[in-house]
Structures are given as structure tokens and as C-alpha cells.
Amino acid sequence: MAEDGAGGYRTGETALIIKVPEAEPVVGGWRERFDSSVAVGIPAHVTVLYPFLDHDRIGDQVLGELGELLGAHSAFDVGFRGCGRFPGVLYLAPVREDRLQALTLAVAARWPEAPPFRGRFTDVVPHLTVAYGQEPGVFDEIEADLSGRLPVTARVGSVHLLVYDGTVWSERAEFALRG
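Here the structure is a predicted model, which is why all the values come from computation and not from measurement.

Enquirer: Any details on the overall build of the protein? Residues and values, ideally.
Expert: Per the secondary structure count, the protein includes four helices and eight strands. Secondary structure of the protein in N-to-C order comes out as β-α-β-α-β-β-α-β-α-β-β-β. Radius of gyration (C-alpha) of the protein: 15 Å, near the 16 Å computed for a compact globule of 179 residues. Its C-alpha atoms give the protein principal-axis dimensions of roughly 45 × 35 × 30 Å. Looking at the protein as a whole, 48% of its 179 residues are labelled buried. Once local pairs closer than 6 in sequence are excluded, the contacts in the protein between residues at least 24 apart make up 77%. Counting only carbon and sulfur atoms, one obtains 50% of the accessible surface of the protein, whose full area is about 8,100 Å². Where the 16 positive side-chain charges of the protein centre and where its 25 negative ones centre are 3 Å apart.

What counts as what
Residues numbered from 1 in each chain as written. Predicted model: local features only at pLDDT ≥ 70, side-chain atom pairs only at ≥ 80, totals over all residues. Heavy atoms only, no water. Helix = DSSP H or I, 4+ residues; strand = E, 2+ residues; numbered from the N terminus. Rg over C-alpha atoms; globule rule 2.2 N^0.38 Å. Buried < 20%, exposed > 50% of the residue type's maximum accessible area, 1.4 Å probe, protein only. Contact = heavy atoms within 4.5 Å. Areas by Shrake-Rupley, 256 points an atom, 1.4 Å probe, with all protein chains shown as cover. Lys, Arg positive; Asp, Glu negative; His and termini not counted. Charge placed at Lys NZ, Arg CZ, Asp CG, Glu CD.

If you want it as C-alpha cells, here you go:
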């Protein structure tokens, strides 16, 4: 999440993510080595919106609105068949990118004060971060290993609200998608 694993989380920050436990057997070892977000409790995931509203702004009304907004979207399957790269980041690229983007855009439209990744990027590119901050040769090694272990398919049936307490991220709520 935070700058794709660059750290610097702030107490009270929140994030909306889609957990992808199906990817853990494939990427877990690499994430443990090259993604510090693992150490603060963040599972393999696709970010819907980070940062979301500060924890102290999220009451019953916001939780209710999130439930309605996300519940208006249908559950779907997503596949990860290959890798992609941003500068300094290696990730699994989802096949159902448009459905993932729709979730992000819907939440960001409702809460424009919480643009994805603080508005640093003009395009929302859903992804599952595997490693960051490594030399291209390390990314090549990881990608070669992953290519023989893909595809990974996952069911996207809910979005999770996580909160950072200064030490770890923990789940505050889960919002089911329709169907």
C-alpha cells in the first residue's frame, strides 16, 4: 500500500483492500523478503484505496455508506497470469483490471478528499505487489520463478477496511460485494 511498500505509515491511516489469500503460496516467500508491508500485517492484496479517511473520521455513517457503495458491485473472479513493473516495483497483474478499477473509482468519487495514493498517479493500475526497491536482476529472478507458478485465480467477494495503529495493520470491517 504505502507507496507500494515504501513504509512511512501514519497511526490512524486506513486502507481499503481486497485480500488475495490464493496468491500467498506463490508470492508469500518473495513478499517476506522484499515487501516490508508483510511485517506490519498486510496480506497479499490488491489495494482499492490507500489512504482512505483517517480512522477518527470513520463512524457508523461512513461504514454504512461503504457497505452500500461496495455492495452495489457484483462479486467476480480475477486471474493473475503474469507480472508487471512500475519503477522499483514488481507486481502480479490482474486480468480483470476493469472490475478492480471500478471499485477504486467508485470509492474515490464518493470521497474525493481521499484520492488513490494521495493523487500521485493519474491512472489507477490495480496490482498485487510482490517486491519493491530491488535491482532489475532481482526482479528478473523473481519473475522467472513466478512465471512457472502462475496463474493464480481468486474470487473477489469483499473489500476489507484496515487501520494502522502505529505498529500493525488490523481489520476494522469487511464489506461484501453482491452475489
